[in-house]
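Here's the letter readout for the chains.
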Amino acid sequence: MSRTALEAASEELRKASELAEGDLQGRLYDHSNQIATLAAREEGPDHGRLDRHMNALYEIAGETEGDLHDHVVAAREQLTEYRRGVAGV
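Note that the structure is predicted; figures quoted are calculated from it, not measured.

1. A look at the overall build of the protein
If you tally the helices and strands in the protein, you get 4 helices and 0 strands. Traced from its N-terminal end to its C-terminal end, the protein shows the element sequence α-α-α-α. Taken over the C-alpha trace, the protein has a radius of gyration of 12 Å; the compact-globule value for 89 residues is 12 Å, and the two agree within 12%. Counting only C-alpha atoms and orienting by the principal axes, one finds that the protein spans roughly 35 × 20 × 20 Å. By the burial criterion, 40% of the 89 residues in the protein qualify as buried. For the protein, the share of sequence-separated contacts (at least 6 apart) that also reach a separation of at least 24 residues comes to 69%.

Below is the structure:
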């Protein structure tokens, strides 16, 4: 299973965090770091972990607009793509 989608999601969230301010900036940066860490692990994330990130990003996307929104949505799409390859879906 390719880690490329996880790495792309992390990068999109890093870009989003650069456009955000305050608490949202920190939340996006934290998600970016956590997903980058998951991408580096040999076993990769499980469904529960992916769901938590995807749900948080869904909420954040609903609160944002413009380029920031687009980066969050792109990150969520990358996680969805990665999840298709996780056994048990």
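The discussion continues.
2. What to know about the nonpolar core
Generally speaking, a soluble globular protein has its nonpolar side chains buried in company with each other. Formed by 21 residues in total, the largest nonpolar core has its most connected members in Leu6, Leu28, Leu57, Leu68, Val72 and Leu79. Of all the secondary structure elements, the ones that give two or more residues to this core are helix H1 (4-19), helix H2 (22-40), helix H3 (47-62) and helix H4 (66-84). If near-sequence neighbours (up to four positions away) are discounted, Leu6 is found in contact with Ile35, Leu38, Ala39, Pro45, Leu50, Leu79 and Tyr82.

3. Some points on H3
For H3, which comprises 16 residues, the first-to-last C-alpha distance of 22 Å matches the rise-based estimate of 22 Å (1.5 Å per residue) to within 8%. Buried within H3 are the following residues: His47, Leu50, His53, Met54, Ala56, Leu57, Ile60 and Ala61. Structurally, H3 contributes buried residues whose contacts are with H1, H2 and H4.

4. Things to note about the pattern of salt bridges
As enumerated under the stated definition, the model contains 5 salt bridges in all. Arg83 is paired through a salt bridge with Asp51; the nearest N and O atoms lie 3.3 Å apart. With Arg83 in helix H4 and Asp51 in helix H3, the pair connects residues that are 32 residues apart, well separated along the chain. Residue classification places Arg83 among the partly exposed residues on the basis of a relative accessible area of 24%. Judged by its relative accessible area of 29%, Asp51 falls in the partly exposed class. Here Glu81 makes a salt bridge to Arg84, at a shortest N to O gap of 2.6 Å. Here Glu81 and its partner Arg84 are both found in helix H4, 3 residues apart, which amounts to about one turn of the helix. Overall, the relative accessible area of 44% leaves Glu81 in the partly exposed class. Through salt bridges with shared partners, one network takes in Glu11, Arg14 and Glu18.

The rules behind each value
- Residues numbered from 1 in each chain as written.
- Predicted model: local features only at pLDDT ≥ 70, side-chain atom pairs only at ≥ 80, totals over all residues.
- Heavy atoms only, no water.
- Helix = DSSP H or I, 4+ residues; strand = E, 2+ residues; numbered from the N terminus.
- Rg over C-alpha atoms; globule rule 2.2 N^0.38 Å.
- Buried < 20%, exposed > 50% of the residue type's maximum accessible area, 1.4 Å probe, protein only.
- Contact = heavy atoms within 4.5 Å.
- Core = buried A, V, L, I, M, F, W, Y, C linked by side-chain atoms within 4.5 Å.
- Expected span 1.5 Å × (residues − 1).
- Salt bridge = Lys/Arg side-chain N within 4 Å of Asp/Glu carboxyl O.

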